[in-house]
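What follows is the residue order along each chain.
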Amino acid sequence: MEDQLVTAVENVVNSRAIGYDQKVRRLAALADNVLPYPALSPAAREALDARVICDMFEGDRPFTPRYVLPDYAKALRQGVKYLELEAPCDLDDALSFLTILYSQVPSVTTYPVYLGDLDALLEPYVGDELSDEQLDAKLRRWWIQLDRLLPDAFVHANIGPHDGRVIRSIFRVERSVRQVVPNLTLKVSPETPDDLIEDAVRTVFVTGKPHFVNHPMMVADHGTEYAVVSCYNSLKTRGGAHSLVRLNLKRAVERHPGGLDSFCDDALPHWVELTAELGEARIRALVEDAGFFESNFLSTEGLIERERFSLMFGIFGLAECVNELMVHEGHVDARYGHDPRANDAAHRIVGRISELVKQRPLPYCGGGGGFAYLHSQSGIDLDLDTTAGTRIPIGDEPGMLEHIEVVAPIHELFPAGISDIFHVEETVQRNPRAMVDVIRGALAAGMRDFTFNLDSNEFIRITGYLVRKSDLIDVETHGARHSSDYLAATAEINHTVTTRAIKRVIAAELSPIG
Amino acid sequence: MTTSAAVAGLVTDIIEFSVVDGPGNRFVVFLQGCNFDCLACHNPYTITPCIDCGICLDACATGALSMVSDRVVWNESLCTGTDACIAACPYDSTPKARPQAVAELMTRIRRTAGFISGVTVSGGEATQQAGFVHALFTAVKAEFPGLTCFVDSNGAADVAVWDGLDDVMDAAMIDLKCLDDEVHVRLTGKSNAQVLATIELLAARGKLHEVRLLLMAGLNDSDELLAETGRWLAAIDPAMRIKVIGYRAHGVRPSAVPLVEPTAAQREHYADVLRAEGRFDLQVI
């Protein structure tokens, strides 16, 4: 163990491929892992070691919540005592205020995963005396600052569902600067104008952003104060997620010789309980031992409330799980995404997990009414031969309409987020309204999130975050400025997603010692 | 008397989501049979209805084609989509086109309705089955008043056809193969008189969505011809929506007349020549 640690530290210290900041962050993660893991039952420990259940390599002893969503509107109204910041009076002050505040927002990546609902936050500071050109110039400067100060594609801003000058300016700036940061989600409601969605679609053509989310569905789950952060994680604002634990359904089925019925009746209750136990141990370590909520200024100044946090309960590898169960059932050719029997099995498994999660009380999970939020976890770089979340495997997706029909029914069961990515031919660039039709249809059909990529885009979505192809070149030798680019580099190598290349950083969350 | 839901059309193919057949995302029905015989036709197998000769049966490696009561029958579940049958057909046809009733198509449109701006009929030449098109559009309008109904046509249809469709057709997209009738005859086998009349008629009715110009290098792309075409179109509507499409050889039959793809620079030049004649809403493809 000690030798391993020394080797790991040596590797970080002597690496030519990661920069100073990234080295500091990696070293901190290594130190964190020196502490003993929160106490687990032997069954949970065994499942964790075998990676049937997983802690996302967050670090063995959590001292900060994984995802923190500060109430930025409240901060702008009341100022921040800890940072000696008065409530700002104009746009320049507001941008400066937020930039400073971002530097103090903790998260598992060490960068803020949520920058706020920026159009709603900034619109009050934009008066008639400011022209669109002036507004664009200010936001453009700020956008560049955000990308360089917070070089991580999990840094996420929300916009919509209403039209306004700031949201339009953000789209123009996005199309002009073509950056990875920030990741972007547009909240879409039936009242969101077609023309605004079309502006967003045109932005996707250039940058691969934003995602489109089902605002009414989110409001039904979380209330109006919610946001989408990191990649596809929907949580309450002024709240967040203590941690993310996940269940590998592929591994679970590998230990299950029986059919679908016994998997749902016997195997799932067992694994859901072990996953919840892991989550509970991590929550207690964070809240009771590390005392995050007692000491952090966001908490003491009311910008977050512990009662609005919960645990994210992730699942992944549904496709492999279902296909294997179909073999156990004697339906050798029935594949998820293509065969009604497999699709029905998938819906049943997800429904069962949702039911079990809602029956397992957890401490300090007021955000979820005392329970974890279910999340379709879209993967990390170490996942081999296992499909992200509840997606249909890459390359095996049916036509778009059928694809939507297969996945839409389960989206409502994932309050903490779910994603399916659609690849669209570049001819659609001449007809962006066609994408507006598809997005409206997909959300009306019950999808929580709709994300699409152009086949030809310069930006590639890895699991949920973006990297620029040009940034993927030469990462191994020259290093990368964005932490997420390193993840992408490994994800690329592990999944052969495309011929994607890299540059710029590291993420502590993903890399176990040794 | 049959009800309109029972009216059947000879359908070559269906695309549930199309982004290139009119405004927004569209459900497209391709109808078999065309009154033109264009040198540059991209899907020549849609020109002639199947005559049940059975030549294609031998070309099918998976047994998806069979002869039943002197008719060629295509079994979709056995088909692997190699299109060997189409390659073997000497008559510019396909055994896969089959009669489909309005009610049958409506089942599929219903499934798609939430995701589209409307329905487009294309071909082949859709107006050759105008009765069916009318019945289909009537059914679409009755059930989904928010959806638009478009026709993609070569324009060679009589006024009576357009009059008949008028109450249910929102707009049409018309191909103009060439303004010069002599060249038009060489390219399509037919005169352009009806095409020109169609463009004028639909524009006057506010039902001309766009005019498409398919241009082949050295055949119908001279500056003089394009300028004259621009002037003629501008006189009808100076803000007309025009799509300049550079010919592409994909799918086209071997031709005695050499057909040449224009370069990107040539396509841009076509657009410049046209723009000099009107403030068109112009797209180059």
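Residues numbered from 1 in each chain as written. Chains lettered and ligands numbered in written order. Predicted model: local features only at pLDDT ≥ 70, side-chain atom pairs only at ≥ 80, totals over all residues. Heavy atoms only, no water.

Undergrad: For this particular structure, what's the right way to read the packing of helix α7 (residues 132–149) of chain A against helix α8 (residues 165–177) of chain A?
TA: Each pair of packed helices can be summarised by the angle the axes make with each other and by the distance between the axes. Residue and element names in this part refer to chain A. Closest axis-to-axis distance for the α7/α8 pair is 9 Å, and the angle between their directions is 55 degrees. Overall, the two elements α7 and α8 adopt an arrangement that is oblique. Every pair of crossing elements has a handedness; the one defined by α7 and α8 is right-handed. Two secondary-structure elements touch here, α7 through D132, L135, D136, L139, R140, W143 and I144 and α8 through R165, V166, S169, I170, R172, V173, E174, S176 and V177. Residue composition of the contact of α7 with α8, grouped by class: 8 nonpolar, 2 polar and 6 charged. (Axes fitted to C-alpha atoms, helices over the stretch in contact; angles between N-to-C directions. Helix = DSSP H or I, 4+ residues; strand = E, 2+ residues; numbered from the N terminus. Parallel < 35°, antiparallel > 145°, perpendicular 65-115°, else oblique. Left-handed = near helix turned anticlockwise from the far one by under 90°. Contact = heavy atoms within 4.5 Å. Nonpolar A, V, L, I, M, F, W, Y, C, P; charged D, E, K, R; others polar.)

Undergrad: For this particular structure, what's the right way to read the sheet that holds strand β12 (residues 421–424) of chain A?
TA: Pairing between sheet strands relies on hydrogen bonds along the backbone, with the strands arranged either parallel or antiparallel. Residues and elements named next belong to chain A. Strand order in the open sheet formed by 6 strands is β3-β4-β5-β6-β13-β12, and the pairing between neighbours is mixed. A strand with exactly one partner marks an edge of an open sheet, and here the two such strands are β3 (114–117) and β12. The mean angle between the axes of side-by-side strands here comes to 25 degrees, regardless of whether they run parallel or antiparallel. Where strand β5 (residues 183–188) meets strand β6 (residues 211–214), 4 bridges bridge the pair, whose relative direction is parallel. Along β6, the bridge assignment pairs K187 with V213. (Pairing = 2+ DSSP bridges.)

Undergrad: What should I look at first to understand the interface of chain A and chain B in this one?
TA: Quoted interface sizes are often the accessible area lost when the parts come together. Listed by partner, the interface residues are 16 residues for chain A and 16 residues for chain B. Here chain A and chain B share an interface that buries about 1200 Å² over both sides, 62% of which is from carbon and sulfur atoms. Area buried by chain A at its contact with chain B is led by L401, R430 and D437 of chain A, which between them contribute 47% of it. In this structure, the connection of chain A to chain B is made through 1 salt bridge. E405 of chain A is paired through a salt bridge with R111 of chain B; the nearest N and O atoms lie 2.7 Å apart. Run the count over chain A and chain B and you get 6 residue pairs in polar contact (both at pLDDT 80 or more). For the side of chain A that touches chain B, the secondary-structure elements that each account for two or more residues are α17 (400–411) and α18 (432–444) of chain A. (Buried area = accessible area lost by both parts, 1.4 Å probe. Salt bridge = Lys/Arg side-chain N within 4 Å of Asp/Glu carboxyl O. Polar contact = N/O pair within 3.5 Å; in protein donor to acceptor, adjacent residues only side chain to side chain.)

Undergrad: Mind showing me how you'd approach the packing of aromatic side chains here?
TA: Aromatic rings in a pair are described by how distant their centres are and how their planes are angled relative to each other. Residue and element names in this part refer to chain A. Summed over all chains, the structure comprises 12 aromatic pairs over all chains. Between F212 and F452 the ring centres are 6.3 Å apart and the planes differ by 15 degrees, which places this aromatic pair in the stacked class. Of this pair, F212 sits in strand β6 while F452 sits in strand β13 (residues 449–454), and the two are 240 residues apart along the sequence. Note on F293 and F309: the rings are 4.9 Å apart at their centroids and 75 degrees apart in plane angle, and the pair reads as edge-to-face. Remark: F309 occurs in strand β10 (residues 309–316) and F293 occurs in helix α13 (residues 292–295); sequence separation between them is 16 residues. By relative accessible area, F293 is classed as buried at 9%. Joined through ring pairs, the aromatic side chains of Y72, Y102, Y114, W142 and W143 make up one cluster. One cation-aromatic arrangement involves R246 over F316; the distance from NZ or CZ to the ring centre is 3.7 Å. (Phe/Tyr/Trp six-rings, centres within 6.5 Å; stacked < 30°, edge-to-face > 60°. Buried < 20%, exposed > 50% of the residue type's maximum accessible area, 1.4 Å probe, protein only. Lys NZ or Arg CZ within 6 Å of the ring centre and 35° of its normal.)

Undergrad: Explanation requested: helix α2 (residues 20–32) of chain A in the structure shown.
TA: Between its first and last C-alpha atoms α2 of chain A spans 19 Å; for 13 residues at 1.5 Å apiece the expected length is 18 Å, and the two agree. Every buried residue belonging to α2 of chain A is among Q22, K23, A29, L30 and D32 of chain A, and all of these are buried. (Expected span 1.5 Å × (residues − 1).)

Undergrad: Help me understand the pattern of salt bridges, please; the structure alone is not making it clear to me.
TA: When the charged atoms of two side chains lie near each other, side chains of opposite charge can form a pair. This model, assessed by the stated rule, comprises 56 salt bridges over all chains. Among the salt bridges present, the one from K187 of chain A reaches D117 of chain A, with a minimum N-O distance of 2.6 Å. Of this pair, K187 of chain A sits in strand β5 while D117 of chain A sits in strand β3, placing them 70 residues apart in sequence. On the basis of relative accessibility, which here comes to 13%, the residue D117 of chain A falls in the buried class. When the shortest N-O distance is used, the salt bridge between R241 of chain B and E210 of chain B registers 2.9 Å. One end of the pair, R241 of chain B, is in strand β10 (residues 241–246); the other, E210 of chain B, is in strand β9 (residues 208–215), and 31 residues separate them in sequence. Assessed through its relative accessible area of 28%, R241 of chain B is described here as partly exposed.

Undergrad: Explanation requested: the pairing of strand β4 (residues 156–159) of chain A in the structure shown.
TA: Residue and element names in this part refer to chain A. Here β4 shows a buried face lined by H156 and N158 and a second buried face lined by A157 and I159. Bridge count for β3 against β4 is 2 bridges, and the pairing is parallel. Residue pairing for β4: D117 is matched across the bridge by N158. Alignment of β4 against β5, held across 4 bridges, turns out to be parallel. Directly across from H156, in β5, lies its bridge partner N183. The parallel pair β4 and β5, bridged by α8, forms a crossover whose chirality is right-handed. (Right-handed = clockwise from strand over helix to strand, strands pointing away.)

None of this, on its own, says anything about what the molecule does.
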